[in-house]
Every structure is written in C-alpha cells, then in structure tokens.
Amino acid sequence: MPEGHTVHRLARTFGDLFGGAPVAVTSPQGRFAPGAALLDGRVLVHAQAFGKQMFLGFAPRGPMPGERVAEAESDWLRVHLGLYGSWTFAGDGSVAVVHAIGAPRRRVGETETSLPDTPDDEAQDDVDGPFVPAAPRGQVRVRILGEHAVADLTGPTACEVVTDAERLAVVTRLGPDPIRDDADPQRFVDRAHRSRTAIGLQLMNQDVIAGVGNIYRAEALFRAGLDPSRPGTAVPKETLRALWDDLVGLMRDGVRTGRIVTTRPEHRGRGHELGHMDARRVRQNTDGDPNVVSRDESFYVYHRDGLACRVCGTPVQVRDAAGRNLFWCPTCQS
DNA sequence: GGGCCATGAGCAT
DNA sequence: TGCTCCTGGCCCG
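To keep things clear, this report deals only with the structure shown in the data block. (Residues numbered from 1 in each chain as written. Chains lettered and ligands numbered in written order. Predicted model: local features only at pLDDT ≥ 70, side-chain atom pairs only at ≥ 80, totals over all residues. Heavy atoms only, no water.)

1. With respect to the overall build of chain A
The helix and strand tally for chain A stands at ten helices and twelve strands. Intrachain contacts of chain A at a sequence separation of at least 6 include 66% that bridge at least 24 residues. Within the structure as shown, chain A displays about 15000 Å² of accessible surface, and the carbon and sulfur contribution to it stands at 51%. (Helix = DSSP H or I, 4+ residues; strand = E, 2+ residues; numbered from the N terminus. Contact = heavy atoms within 4.5 Å. Areas by Shrake-Rupley, 256 points an atom, 1.4 Å probe, with all protein chains shown as cover.)

2. Digging into unusual backbone geometry
One non-glycine residue, His-303, lies in the positive phi region at around 60°. Note that His-303 resides in the loop between α10 (271-274) and β11 (317-321). A relative accessible area of 19% places His-303 in the buried class. The residue Ala-322 is not glycine, and still its phi comes out positive at about 55°. Here Ala-322 is to be found in the loop between β11 and β12 (324-328). Assessed through its relative accessible area of 69%, Ala-322 is described here as exposed. (Buried < 20%, exposed > 50% of the residue type's maximum accessible area, 1.4 Å probe, protein only.)

3. Here we look at the environment of Pro-185
Structurally, the position occupied by Pro-185 is in helix α6 (residues 185-194). On the basis of relative accessible area, Pro-185 is assigned to the buried category, the value being 16%. Distance in space between the C-alpha atoms of Pro-185 and Glu-160 is 30 Å, their sequence separation being 25 residues. Ignoring anything within four residues of it in the chain, the contact list for Pro-185 reads Arg-241 and Trp-244.

4. A short note on the environment of Gly-57
With respect to the helices, strands and loops of the structure, Gly-57 is situated in strand β3 (residues 53-58). Through-space distance from the C-alpha of Gly-57 to that of His-46 is 4.4 Å; in sequence the pair is eleven residues apart. Ignoring anything within four residues of it in the chain, the contact list for Gly-57 reads Val-43, Leu-44, Val-45, His-46, Ser-74, Asp-75 and Trp-76.

Next comes the structure, spelled out in structure tokens:
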C-alpha cells in the first residue's frame with residue numbers, strides 16, 4: 001500500500017542491491033513464469049520510479065560487462081504494487097547499501113520493518129560463498145536474486161515486461177511527480193484548475209499528479225486549508241502551486257525517512273488531550289527510528305475520524321469518496 | 001477458521 | 001457508481 005515515496009525508495013534499493021550485475025529472475029508462484037524467463041540472467045541496468053510505478057531496466061541479452069546501456073535499448077519490468085503488493089528483501093549482510101537504509105527489510109511496500117536479527121541471519125553473515133536465500137514465503141510472483149541479496153514480490157496489481165516505448169507511454173500519461181526533479185509543476189496547476197472535479201478527487205488521479213495516495217491527499221489538503229470537495233476551477237492557481245510545493249517537501253521527506261509525517265512540531269504532543277489513534281490503524285512505513293515523531297502524532301486527519309482536530313478541536317470527519325476513505329476537518333478546511 | 005480491512009486502479013455499466 | 005483483481009495481517013470466535 002505504498003504511496004510514491006515508497007516506490008522511489010524501492011527503485012533506489014533495487015539499484016543499490018542489484019544494479020550492474022546479472023540477476024536470476026524466477027516466478028516461484030508461476031504466474032509470471034514467461035516474463036521471468038525473458039529477464040533471467042540479464043544485467044539490471046536501470047531502476048526508476050514515476051509516481052507509483054517502478055521500472056527495472058535490463059540489458060539486452062549477451063555479454064555486456066560494465067557497459068552503459070541506453071534506456072531505449074533496455075527491456076523493462078514494470079511493477080505497480082496496488083493495494084496489497086509488497087517487496088520483501090533479504091541479504092547476506094555483506095551489502096553496505098542495505099544497511100544504509102537501516103537493515104534488510106521485509107514487506108517494504110506495505111510496512112517497512114527491519115528484519116529480526118535471527119541466528120540464521122548471523123550464521124549467513126559468516127558464510128563465504130554464494131548467498132543462499134530462504135525459500136519464498138507466500139505467493140511470490142517474482143523473485144530477483146543477486147549475488148548478495150534477494151527480493152520477493154507478492155500481490156502486485158501490475159507486473160509485466162514492457163518495451164521502452166511502452167514504458168514511455170505509461171510515463172507520458174502520468175501527471176508530474178513531486179518527487180522527481182524533472183517534474184513540471186505547471187502541468188499540475190493548469191490541469192487541476194481547468195477541471196470542475198473536486199480537488200480531493202483530482203489529487204488521487206495519477207494523470208493529474210503522480211505518486212499521491214490517500215494519506216498525502218488528506219494531509220496536504222488539510223495543511224492547505226482546502227475543502228476536498230471544492231472544484232478545481234474554484235482553487236486559485238497560486239493555491240494549487242502552494243499545494244504542489246507542499247507536496248514536494250512532504251513527499252521528499254518521505255523518500256528520505258521512509259515515513260510519512262505531515263504534522264508540524266507545534267501540533268504534536270497533544271495526543272492525551274485530543275485522544276489516541278487506534279494503534280492497529282497507524283501502521284505505516286518506518287525506517288528504524290520510529291520515535292522521532294511518535295506514530296500517533298504523524299498525521300492531522302488520516303485515520304483520525306472522530307478524534308479532535310489537532311488545530312481547532314473539531315471532530316475529524318470521514319466519508320467515502322470514489323470508494324476511498326476521505327478524512328478532513330470541516331472547520332479548518334473550507 | 002472466518003471476516004474484515006488496506007497508503008490502488010482498471011474496467012463495465 | 002460499482003465491480004473486480006491482487007494478498008496477508010489481525011481481530012474475533
């Protein structure tokens with residue numbers, strides 16, 4: 001259940017763990033067996049994210065040690081995690097980059113947690129020779145195995161091999177991605193302002209802005225003081241630009257820390273007055289330092305329905321919007 | 001063991 | 001607007 005920041009972290013992780021070397025690609029579950037066979041044994045040369053889409057680029061077949069491979073010459077694995085998809089990583093402990101993001105992880109797409117330091121892991125650390133991964137757990141659509149690490153994909157909404165032209169077609173259709181340096185904010189501003197569709201719905205439309213999900217949607221609208229139901233045409237362009245700029249900061253923070261935190265410091269620390277969130281509902285991506293901002297102080301409105309608004313005390317509301325829960329404060333957002 | 005839930009999106013109607 | 005797909009964790013009994 002990732003939003004864009006998680007997908008960008010994933011792309012970076014794939015580049016770090018597997019980039020520049022051949023990988024074994026299999027489909028333990030079998031449903032992706034033909035695609036896996038196409039990529040098996042090839043060199044991973046690109047790893048990139050656009051919104052919630054991840055693309056892994058593989059060099060053409062044949063020996064190309066250390067050679068640069070243009071995107072146009074690559075074949076791509078396109079993965080979209082959807083609601084349930086997740087990547088599980090494990091390594092032999094020798095890969096520095098793994099530790100740079102905390103530790104080998106499991107279920108990065110859903111809940112980014114550190115692997116427990118099991119005796120098995122420690123034993124593996126001391127072993128010389130090829131990394132022998134554990135047997136896949138659950139319905140593993142794709143397993144990517146490198147010399148020192150393994151990644152297992154379960155439950156994706158999309159997992160397919162595409163040409164570079166097909167990758168470009170997907171990317172071109174997407175709206176600008178606030179995390180990417182090459183994003184054009186004006187595309188978002190103009191398009192959102194042109195449509196009478198509620199801004200709360202437009203933010204969830206990946207053709208309008210790529211990478212925003214249900215949390216960033218709700219939180220960014222709260223921070224902007226915007227009623228989610230206001231038509232795009234009724235939101236001034238300057239406000240849309242400010243909304244974009246805010247999302248750039250929030251989402252890039254998310255890439256950096258592996259967590260979504262949208263509350264400002266002055267609005268935290270009031271959990272006892274305003275009520276606690278249900279601990280079951282606040283699971284989110286973490287990056288090994290969950291106490292920097294406690295989990296129940298990370299959001300203004302997301303999953304806080306019925307609790308007092310951190311700013312004005314009005315009970316936070318929730319309603320169904322196009323099949324998704326939409327959280328907002330009716331007083332602060334008008 | 002059953003039911004419910006989820007940070008998503010394509011497609012039919 | 002509603003259905004469908006994808007999967008697993010957690011609560012409840």
